[in-house]
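Given next are the chains, with one letter for each unit.
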Amino acid sequence: SIIGRKLGECCNSSNVPFRTKRFNMFFKRGFLFYKFFNIRLFFYLLFNKYDLLVANDLDTLLPNFLVSKLKKLPLVYDSHEYFTGVPELNNRQFVKGVWTLMEKMIFPFLKNVITVSEPIASMYEGLYHVKPLVVRNLSKNADNIIPFTKVETGIDLNSCVIIMQGTGINIDKGAEELIDAVKISEGVTLFIVGSGDVIVNLKAKVSNIGITDKVRFVPNVSWENLIRYTKSADIGMCLEKDTNLNYRYSLPNKLFDYISAGIPVICSNLPETRKIIDEYDCGIVIDNVTPEYISIAIKELATNPAKLTELKRNAIHASSILNWENESKKVIDLYNKILICNN
């Protein structure tokens with residue numbers, strides 16, 4: 001069972017192969033939203049029967065933890081990011097303090113924790129003496145997915161197609177600088193596929209600087225259709241800035257989508273992302289997220305077919321190792337052990 005809230009397009013659960021429950025919340029954001037969502041989640045979990053609970057990130061941990069103790073149920077804390085280090089909390093010290101206090105009160109008592117990278121796991125272990133299992137956000141094998149053609153997407157056949165994608169195209173992810181880079185780059189078309197806090201501003205920026213012919217916006221689509229766009233591109237962009245611990249040590253989903261699609265990556269110089277690019281030689285790392293650096297990297301690939309082909313070949317090789325079919329074995333083993341121990 002997946003429990004969440006009703007919010008726009010997320011309300012459509014027709015393609016989800018699980019039972020879903022979504023709360024219709026009067027408050028849509030802020031303190032009152034989190035307060036009443038956690039209260040509703042607590043009572044819903046308390047009065048419904050489950051054998052195992054999974055808290056998805058810190059904002060659902062408290063009710064799951066309390067119910068797990070009251071009903072003596074196993075609990076898995078799935079920390080999709082370094083929650084107290086996200087950029088949205090950088091200038092909100094009181095709010096950050098509340099989340100940090102909650103984390104300090106609960107984390108030391110957790111037995112089963114999952115997170116997304118080794119540095120984040122090490123930080124948690126150093127703080128709370130609990131070592132999370134690292135499960136990276138690797139993508140499914142995409143070999144059988146057919147890309148869109150340039151004719152289908154209406155792109156000039158000679159254009160170099162670059163893509164930035166995700167459901168979290170937010171502040172400090174380099175999208176603004178990427179648009180400026182596209183403006184000063186010749187023969188380039190950019191696809192921005194997905195959603196996020198800055199999408200409205202990005203559309204306004206594209207219009208204001210007069211490059212609507214070079215940038216295409218595509219709303220959230222199914223993963224299969226997303227990968228069709230990704231596979232049709234020549235280069236994937238992963239431009240998180242080093243403004244917070246969460247971004248510094250993240251391994252973004254889109255990085256592995258690009259690898260699964262077999263396209264090279266231009267990425268910012270963050271340690272975990274760089275480690276992947278260097279190990280598999282499947283992209284270019286830029287020193288600074290500026291329009292100039294981005295444009296130089298795009299030109300380096302767009303004007304060098306041999307290098308572009310080599311990096312694509314390396315990305316395809318990397319995808320044979322870095323895929324969800326391999327990584328998911330860790331998750332299956334974890335849940336099998338929990339279920340065996342509680343039977």
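Above this note sits the structure.
Thresholds applied
Residues numbered from 1 in each chain as written. Predicted model: local features only at pLDDT ≥ 70, side-chain atom pairs only at ≥ 80, totals over all residues. Heavy atoms only, no water. Phe/Tyr/Trp six-rings, centres within 6.5 Å; stacked < 30°, edge-to-face > 60°. Helix = DSSP H or I, 4+ residues; strand = E, 2+ residues; numbered from the N terminus. Buried < 20%, exposed > 50% of the residue type's maximum accessible area, 1.4 Å probe, protein only. Lys NZ or Arg CZ within 6 Å of the ring centre and 35° of its normal. Polar contact = N/O pair within 3.5 Å; in protein donor to acceptor, adjacent residues only side chain to side chain. Contact = heavy atoms within 4.5 Å. Core = buried A, V, L, I, M, F, W, Y, C linked by side-chain atoms within 4.5 Å. Pairing = 2+ DSSP bridges. Axes fitted to C-alpha atoms, helices over the stretch in contact; angles between N-to-C directions.

**Q** So what about the packing of aromatic side chains? Which residues, and what values?
**A** Each aromatic ring pair is summarised here by two numbers: the centre-to-centre distance and the angle between the ring planes. Under the criterion given, the structure shown has 14 aromatic pairs. Ring plane angle 25° and centroid distance 5.7 Å describe the contact between Phe33 and Phe37, whose orientation is recorded as stacked. Here Phe37 and Phe33 lie together in helix H1 (residues 30-46), a separation of four residues that amounts to about one turn. The two residues Phe33 and Phe37 agree in class, both being buried. Judged by centre distance (5.7 Å) and plane angle (50°), the ring pair of Phe191 and Tyr229 falls under tilted. Taken together, the residues Phe191 in strand E8 (residues 188-194) and Tyr229 in helix H8 (residues 223-232) connect sequence positions 38 residues apart. Judged on exposure class, the residue Phe191 and its partner Tyr229 are both buried. Grouped by ring-pair contacts, the aromatic residues Phe23, Phe33, Tyr34, Phe37, Tyr44 and Trp99 constitute a single cluster. For Lys203, the ring lying beneath its charged end belongs to Phe217, and the centroid distance is 5.7 Å. Here the guanidinium or amino end of Arg228 rests over the ring plane of Phe148, the centre of that ring lying 4.0 Å away.

**Q** Please provide a residue-by-residue account of the side chain of Glu240, values included.
**A** With respect to the helices, strands and loops of the structure, Glu240 is situated in the loop between strand E10 (235-238) and helix H9 (245-248). Owing to a relative accessible area of 3%, Glu240 belongs among the buried residues under this scheme. Of note is the side chain of Glu240, whose polar atom sits 2.6 Å from the side chain of Lys254. Contacts of Glu240, omitting those with residues within four sequence positions, involve Asp172, Lys173, Tyr247, Pro252, Lys254, Ser268, Leu270 and Val289.

**Q** Describe the nonpolar core, listing the residues and the values that go with them.
**A** Core analysis: the largest hydrophobic core is formed by 59 residues, its most contacted members being Ile162, Leu178, Met237, Leu255 and Ile294. Those residues in contact with Leu178 that sit more than four places away from it in its chain are Ile162, Met164, Leu190, Met237, Leu239 and Ile294.

**Q** Got a sec to walk through the sheet that holds E8? Specific residues and values, please.
**A** Pairing between the strands of a sheet is mediated by backbone hydrogen bonds and can be parallel or antiparallel. The six strands are arranged E9-E8-E7-E10-E11-E12 in an open sheet whose pairing can be described as parallel. Every other strand in the sheet has two partners, leaving strand E9 (215-218) and strand E12 (283-286) as the edge strands with one partner each. Strand after strand, the sheet turns through a mean of 20° between neighbouring axes, direction not considered. As defined by bridge partners, strand E7 (residues 160-166) adjoins E10 across two bridges and the pair is classed as parallel. Bridged to Ile163 within E10 is Gly236. Strand contacts of helix H7 (residues 199-208): E8 and E9, with the helix running at about 155° to E9, the strand carrying the most contacts. Where H8 meets the sheet, its contacts fall on E7, E8 and E9, and the angle it forms with E7 comes to roughly 150°.

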